Amino acid sequence: MSAVVNATLPVFALILTGWLAARMRVLGPTATDALNRYVAYLSLPALLFRAMAQARMDDMLHWGFIAAFWGGICITFGVTMAVAGRRAPLTDRTIEGLAAAYANAGYMGIPLCLVVLGPDSLPPAIITTLLTACALFACAIALIEYDQHRQRHWGATLYKVGRALARNPLLIAPVAGALVAGLDVSLPQGLDRYVELLGASASPCALITIGLFLAQAQPAVGSTSVGRLVAGKLLLQPLITAILAFWVFSMPPLWAWCAVLISALPMGTGPFMLAQLYGRAAGNTSRAILLSTLLSVITISALVAWIQQFHPL
């Protein structure tokens, strides 16, 4: 039990610190956006770049792991869209499907995996971040753009999606790191130390940002929708991923546990930002993010205790 507490307490304590800082007005209302931008554009890309630059490409391409994690995403996304009903606009169904399948991989997953599974879990954690923040997000944008502009040619939609991904630092940084690794280039010691220090701030700042965001969560307008999204995220996705990771595809045990652990994470803020971007009601999404994060204190702790039986900390 002490190992579980030691693994999960720092993560959720940092989230609580951010929440308290917002409630007590230690950090003002603009802090969330500023700190979020710092993490998204500076510290997290630095962490991803350095990890990829030091990784071996042969160790990153575990196709079984990719298939298991992506399969969990796709099935959860599809089931949630189907349950939402055909009468709902495609844009709204897409945002619901995205919310149920969008794990907080970059902000919460990487710090948690490093604490629970150790530094060897960083490569698979990076892959899950790319699949979630890039591949899943791209699919959701494509569906929404198709719904918003059904009369336009698919080329316009693909161009907009490609442009958005090409400007995403969470994609650019690991690709640049992979290029450095592929060319077998070593960074100068001073530059490497700079990137290391910048990346080291990603985990605590990201978790503080989650707390700031949760303190500003908007009220929901439909409890049924919120419950459906939370159940899909915390129960359906990790269950499907576990089945695929342990009984369908082959991969190292640590990678399988990493896939399950990250798929069991609460929702990230991506669906909320997308709902606001396209002028949809964001109250349900923000409430689902808040509720899934609170409930994940229980579900993640239980999962870490389960992992502890097979992968001692």
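One can find the structure itself at the top, above this paragraph.
Below: a short report on this structure. Computed from a predicted model, the values in this text were never measured in an experiment.

Definitions and limits used
Residues numbered from 1 in each chain as written. Predicted model: local features only at pLDDT ≥ 70, side-chain atom pairs only at ≥ 80, totals over all residues. Heavy atoms only, no water. Phe/Tyr/Trp six-rings, centres within 6.5 Å; stacked < 30°, edge-to-face > 60°. Helix = DSSP H or I, 4+ residues; strand = E, 2+ residues; numbered from the N terminus. Buried < 20%, exposed > 50% of the residue type's maximum accessible area, 1.4 Å probe, protein only. Expected span 1.5 Å × (residues − 1). Axes fitted to C-alpha atoms, helices over the stretch in contact; angles between N-to-C directions. Parallel < 35°, antiparallel > 145°, perpendicular 65-115°, else oblique. Left-handed = near helix turned anticlockwise from the far one by under 90°. Contact = heavy atoms within 4.5 Å. Nonpolar A, V, L, I, M, F, W, Y, C, P; charged D, E, K, R; others polar.

### Structural notes on the packing of aromatic side chains
In this structure the tally under the stated criterion is five aromatic pairs. Their ring planes at 90° and their centres at 5.1 Å tell us that Phe65 and Trp255 sit as a pair that is edge-to-face. Of this pair, Phe65 sits in helix α4 (residues 63-84) while Trp255 sits in helix α13 (residues 253-263), and the two are 190 residues apart along the sequence. For the pair formed by Phe65 and Trp255, the shared burial category is buried.

### Quick look at unusual backbone geometry
Its identity is not glycine, yet Arg25 carries a phi of approximately 60°, on the positive side. Secondary-structure assignment places Arg25 in the loop between α1 (2-23) and α2 (31-53). Judged by relative accessible area, which is 74%, Arg25 ranks as exposed.

### With respect to α4
Owing to its 3.6 residues per turn, the α-helix aligns residues three or four sequence positions apart on the same side. If you check α4, its first and last C-alpha atoms are 31 Å apart, about what 22 residues at 1.5 Å a residue would give, namely 32 Å. Restricting attention to buried positions, one finds in α4 the residues Gly64, Phe65, Ile66, Ala68, Phe69, Gly71, Gly72, Ile73, Thr76, Phe77, Thr80 and Met81.

### Considering the packing of α4 against helix α5 (residues 90-101)
Across the interface, α4 lies against α5 with an axial gap of 8 Å and an inter-helix angle of 140°. Overall, the two elements α4 and α5 adopt an arrangement that is oblique. At the point where α4 passes α5, the crossing takes the right-handed sense. Residues Ile73, Thr76, Phe77, Thr80, Met81 and Ala84 of α4 form the contact with α5, whose participating residues are Leu90, Arg93, Thr94, Glu96, Gly97, Leu98, Ala100 and Ala101. Taken together, the residues that form the contact of α4 with α5 break down as eight nonpolar, four polar and two charged.

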